[in-house]
Amino acid sequence: AQSVTQLDSQVPVFEEAPVELRCNYSSSVSVYLFWYVQYPNQGLQLLLKYLSGSTLVKGINGFEAEFNKSQTSFHLRKPSVHISDTAEYFCAVIASKSGGSYIPTFGRGTSLIVHP
Amino acid sequence: EAGVAQSPRYKIIEKRQSVAFWCNPISGHATLYWYQQILGQGPKLLIQFQNNGVVDDSQLPKDRFSAERLKGVDSTLKIQPAKLEDSAVYLCASSASGQNTGELFFGEGSRLTVL
């Protein structure tokens, strides 16, 4: 079975400061990793994804994440945040299931709060 | 390209009543998901369809929840009878079959309040 742990429920930060949102996963098989963002009263939108290849992936809005297989982590980073980055961020993992189907599992989310 | 459509956006009912949510996925997307998102938690998968067949419904409370996708396009999620703990946002998502990217496209959700 796969699981996702987001270690921080809330991360407050000042505008233009760097930020890191942590994500660890567990799975006995190969995984695909994702970060989604959810603005108030909206659905989730994909920020970035890791499927294979380079362990550093870049996404929209200046975000990037690094896949670390030995530490089973996929932390999200941004060098300088903006007020508009205030939102809920979800890490998700997809591991292959018998029969070839893919079951996405989400973490509990991290609330990023950017202060002026 | 039109996104995932859900309705209603908001619904308030009393416990023991029934409610139904509707989802229209992105055109051509064979895989459809229903997630339950309780306040302060991440989305929890209730059921996953591939075309009109069920891939996974292990976390669907089948004594009160049901879902169908009869023609492999639209889907309906029903709760009957509702309990207080069913208060949540119900998210529908879809993804393209045959792709291993696994990217999900979400609707805006249906917020249910059970009084």
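Here the structure is a predicted model, which means the values were calculated and not measured.

Cut-offs and rules
- Residues numbered from 1 in each chain as written.
- Chains lettered and ligands numbered in written order.
- Predicted model: local features only at pLDDT ≥ 70, side-chain atom pairs only at ≥ 80, totals over all residues.
- Heavy atoms only, no water.
- Helix = DSSP H or I, 4+ residues; strand = E, 2+ residues; numbered from the N terminus.
- Buried < 20%, exposed > 50% of the residue type's maximum accessible area, 1.4 Å probe, protein only.
- Contact = heavy atoms within 4.5 Å.
- Buried area = accessible area lost by both parts, 1.4 Å probe.
- Salt bridge = Lys/Arg side-chain N within 4 Å of Asp/Glu carboxyl O.
- Polar contact = N/O pair within 3.5 Å; in protein donor to acceptor, adjacent residues only side chain to side chain.
- Core = buried A, V, L, I, M, F, W, Y, C linked by side-chain atoms within 4.5 Å.

### Considering the overall build of chain B
Part 1 of the reasoning: From N to C terminus, chain B includes zero helices and 11 strands.
Part 2 of the reasoning: The N-to-C order of helical and strand elements in chain B reads β-β-β-β-β-β-β-β-β-β-β.
Part 3 of the reasoning: Taking all 115 residues of chain B together, 45% fall into the buried category.
Part 4 of the reasoning: Within chain B, contacts between residues separated by at least 24 positions form 53% of all contacts whose residues are at least 6 apart in sequence.

### Side note on the interface of chain A and chain B
Part 1 of the reasoning: On the side of chain B, 23 residues touch chain A, which itself brings 21 residues to the contact.
Part 2 of the reasoning: Between chain A and chain B, roughly 1,700 Å² of surface is buried when both sides are summed, and carbon and sulfur atoms account for 53% of that area.
Part 3 of the reasoning: On the chain A side of the contact with chain B, Asn 41, Leu 44 and Phe 106 of chain A bury the most area, a combined 26% of that side's loss.
Part 4 of the reasoning: Between the two partners, chain A and chain B, sit one salt bridge.
Part 5 of the reasoning: The shortest N-O distance in the salt bridge between Lys 49 of chain A and Glu 103 of chain B comes to 3.7 Å.
Part 6 of the reasoning: For the pair chain A and chain B, the number of links is five residue pairs in polar contact (both at pLDDT 80 or more).
Part 7 of the reasoning: Contributing elements (two or more residues each) for the side of chain A that touches chain B: strand E5 (31-38), strand E6 (44-50), strand E10 (87-96) and strand E11 (102-106) of chain A.

### What about the nonpolar core?
Part 1 of the reasoning: Counting 30 residues, the largest nonpolar core has Trp 35, Leu 48, Phe 74, Leu 76 and Tyr 89 of chain A as the members making the most contacts within it.
Part 2 of the reasoning: For this core, the secondary structure elements donating two or more residues are strand E2 (10-14), strand E3 (19-21), E5, E6, strand E8 (64-68), strand E9 (73-78), E10 and strand E12 (110-115) of chain A.
Part 3 of the reasoning: For Phe 74 of chain A, the residues in contact, after removing those within four places along its chain, are Cys 23, Leu 33, Phe 34, Trp 35, Leu 48, Lys 49, Tyr 50, Val 57, Ala 65, Glu 66 and Phe 67 of chain A.
Part 4 of the reasoning: By size, the runner-up hydrophobic cluster in this structure holds 21 residues, among which are Val 4, Leu 32, Phe 65 and Cys 92 of chain B.

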